[in-house]
Amino acid sequence: MPRHRYNPMQSIPKHLSFVTTVCLLLLSVSIPHQAQGQFSVRENYLPTSISLTPDTLAGIWREAGNAAGLPEAGISSTGQLQAAGFFSSGDLQAVREPEQITGGFFHAKGTQNIGSWMLLGDVLLSQTNHGNVFYRNHAPVRTNNPYQWVDTTGGDWDNMHILLKSSAASPILFQKLRVGYSVAYEVMQGARKNAERPMFTYNRYFIRKGLNINFSDNVNLGISGSFQGKKEEQELGFFNQLDTYVLILRGIETFNQTTFNSASRAYSENTFGGGIQVHIRRSDVSLVSFLDVSASTENASTGISNPVPTGEWNTFTLSSGVTFYQSLENRSREFGLRSYWTSGDGIDPFLNGKNVLLTHFRGQAFFNNTWLSNSKTDRISLKLRANFDLYDLEDIVSASDRLLTLLSVDANLARSTQSSLLGIRVKYYIPLENRLNARSTNEAARRIFLPDFLLWEQNIATLSSTIGRFFAIGASDIGVAADTFVSIHPQDGFSPKRLQYGISVSLTLAL
């Protein structure tokens with residue numbers, strides 16, 4: 001049986017910049033859109049740009065994660081093993097982000113047809129060190145939950161991450177239907193290396209079931225429902241009582257301060273979601289639209305033998321989008337719109353009522369164009385994207401608020417041949433309105449919210465590059481890639497105290 005030869009003309013590089021944290025790989029197409037959390041200069045989450053498996057086509061799988069649409073996604077039966085190391089450093093980061101990240105990971109994924117069923121599998125193992133982290137004692141995932149405790153010591157964290165994912169789609173049933181499922185299980189553990197050694201354990205599982213209904217040869221309707229459970233346990237303490245104390249955050253300016261010797265805290269969250277998708281095909285033109293909703297409740301409690309409620313965080317998220325795709329003989333193009341809206345409210349048990357309100361809206365427009373040579377051995381892809389964000393956080397008790405409206409634009413240009421990949425990306429953040437209404441003498445505002453406010457006062461530019469080579473060895477194909485990025489405040493130039501930079505190197509084996 002002839003082996004499947006990798007053809008780089010079948011693969012469009014999805015990400016053209018280095019990523020700095022493996023732990024956020026959970027934000028993939030098979031996982032529902034989640035709250036964005038605090039803004040970050042590090043916007044991308046895949047540690048390398050190179051991929052030796054084909055991209056998916058626009059459809060209910062790629063746009064909305066409905067696995068019942070897998071057979072129409074254009075994925076061939078391939079396997080991929082990948083190992084990478086990465087490093088980033090610099091002073092251009094938010095308060096609760098690490099100043100330096102080093103680590104490595106092993107990633108294996110594959111697609112297989114068993115009978116008339118289509119199966120996908122994905123395994124990620126990673127180890128990272130987050131250097132010089134302050135005011136963050138939870139797992140390195142983004143969260144909008146305001147009820148956090150942090151100590152004032154800071155230090156380096158060692159983090160371990162395991163992520164298992166699987167998806168499947170059935171054959172056609174009753175000449176009209178397909179069913180599909182996606183499941184994921186994720187574990188993280190981490191501890192700080194210095195004294196007052198805080199620790200965390202993080203567990204998450206996710207289940208989504210979907211249905212794809214064929215109304216005709218040209219029209220499909222998708223329906224999906226999902227559930228996610230998440231739990232995090234933290235241990236903090238054994239302080240030397242000298243110069244370390246704990247801020248128990250409950251908003252922007254609402255907090256408690258303590259010097260306890262040790263304590264434990266737990267977060268438990270359940271999320272329910274559902275969505276509907278429509279896929280219309282006409283000759284070489286395809287139109288996909290989707291609407292997803294989800295609601296979650298996360299409860300925080302302190303103590304083990306007699307847990308005390310310390311905050312309830314409720315969110316509602318609405319996601320929608322439309323994508324237009326056209327494929328011609330030597331050219332394909334795609335453009336679309338996305339919108340994500342999250343509303344959150346926090347219920348403080350000590351005040352017995354709502355004390356924190358959040359509104360986060362993101363609108364996105366994108367355009368992708370790909371040109372093929374006549375021989376189909378050379379591909380050039382151009383990707384343009386613009387995002388508008390509105391982030392509004394209000395602390396009712398202290399009458400303080402945080403407002404940020406932000407415009408970001410980025411452009412990717414890549415060329416791939418049978419033996420090489422070259423890419424460049426430029427991204428630019430433009431703060432339209434940045435406001436913090438809080439007292440500078442308040443400890444929580446002064447240490448956390450004010451520095452983040454000052455970070456986003458100015459424009460931020462990021463330049464990324466990718467270079468890769470492909471080799472055929474025996475029955476396999478190998479890719480080697482290096483990604484670099486640098487982020488700066490343009491008015492400061494390449495000042496060593498006002499930039500963020502990084503590099504990653506990866507080795508990928510396609511089977």
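Residues numbered from 1 in each chain as written. Predicted model: local features only at pLDDT ≥ 70, side-chain atom pairs only at ≥ 80, totals over all residues. Heavy atoms only, no water.

Some thoughts on the pairing of strand β11 (residues 262-282)
Inference 1: Where strand β8 (residues 219-237) meets β11, 19 bridges bridge the pair, whose relative direction is antiparallel. Looking at β11, one finds that S224 is bridged to G275.
Inference 2: The sheet contact formed by β11 and strand β12 (residues 285-302) spans 18 bridges and is antiparallel. Looking at the pairing, E269 lines up with E298 of β12.
Inference 3: Counting the residues in the hairpin turn of β11 and β12 gives two residues, including S283, whose phi is positive at 55°. (Pairing = 2+ DSSP bridges. Helix = DSSP H or I, 4+ residues; strand = E, 2+ residues; numbered from the N terminus.)

A look at the pattern of salt bridges
Inference 1: Counted under the stated rule, the structure contains 17 salt bridges.
Inference 2: Linking E253 and R439 is a salt bridge whose minimum nitrogen-to-oxygen distance equals 3.2 Å. A residue pair is termed long-range when its members are at least 10 positions apart, and E253 in the loop between β9 (246-249) and β10 (255-258) and R439 in the loop between β18 (420-437) and α2 (443-455) qualify at 186 residues.
Inference 3: What emerges from the salt-bridge pattern is a single network uniting R62, E63, E334 and R338. (Salt bridge = Lys/Arg side-chain N within 4 Å of Asp/Glu carboxyl O.)

Observations regarding the nonpolar core
Inference 1: Core analysis: the biggest nonpolar cluster contains 18 residues, and L249, L393 and F449 have the highest contact counts within it.
Inference 2: Looking at this core element by element, the count peaks at four residues for α2.
Inference 3: Among residues more than four places away in sequence, those in contact with L249 are R96, P146, Y147, Q148, V150, T254, F255, A444 and I448. (Core = buried A, V, L, I, M, F, W, Y, C linked by side-chain atoms within 4.5 Å. Buried < 20%, exposed > 50% of the residue type's maximum accessible area, 1.4 Å probe, protein only. Contact = heavy atoms within 4.5 Å.)

Considerations on a nonpolar patch on the surface
Inference 1: Taken together, the side chains of L81, F106, V123, L125, I162, L164, Y181, V183, Y185, Y205, I207 and L511 define a hydrophobic patch exposed on the protein surface, amounting to about 940 Å² of accessible area.
Inference 2: No other element matches strand β6 (residues 177-192), which puts three residues into the nonpolar patch. (Patch = residues over 30% accessible without salt bridge, like charges linked within 9 Å, V, L, I, M, F, W, Y side chains within 5 Å. Areas by Shrake-Rupley, 256 points an atom, 1.4 Å probe, with all protein chains shown as cover.)

Digging into the side chain of D389
Inference 1: By the element assignment, D389 lies in strand β16 (residues 379-395).
Inference 2: There is a polar contact of 2.9 Å between the side chain of D389 and the side chain of R362. (Polar contact = N/O pair within 3.5 Å; in protein donor to acceptor, adjacent residues only side chain to side chain.)

Describing α2
Inference 1: Taking 1.5 Å of rise per residue, the 13 residues of α2 would be expected to cover 18 Å, and the 18 Å separating its terminal C-alpha atoms lies within 8% of that figure.
Inference 2: Along α2, the sharpest kink reaches roughly 40°, centred on F449 and followed within four residues by the proline P451.
Inference 3: Of the residues making up α2, those classed as buried are E443, A444, A445, R447, I448, F449, D452, F453 and L455.
Inference 4: Looking at the packing, one finds that the buried side of α2 touches β9, β10, β16, β17 (400-416), β18 and β19 (460-473). (Expected span 1.5 Å × (residues − 1). Bend = angle between axes of the 7 residues up to and from the residue.)

Examining the confidence of the model for the protein chain
Inference 1: Overall, the predicted model of the protein chain reaches an average pLDDT of 85, with 87% of residues at or above 70.
Inference 2: Per-element confidence in the protein chain ranges from a low mean pLDDT of 86 for β10 to a high of 97 for strand β7 (residues 199-214).
Inference 3: Note that pLDDT drops below 50 for residues 1-36; the model gives that stretch 153 contacts with residues more than four away or on any other chain.
Inference 4: Residue range residues 43-54 is modelled with pLDDT below 50. Its contacts to residues more than four positions away, or to other chains, number 65 contacts. (pLDDT = per-residue confidence, 0-100.)

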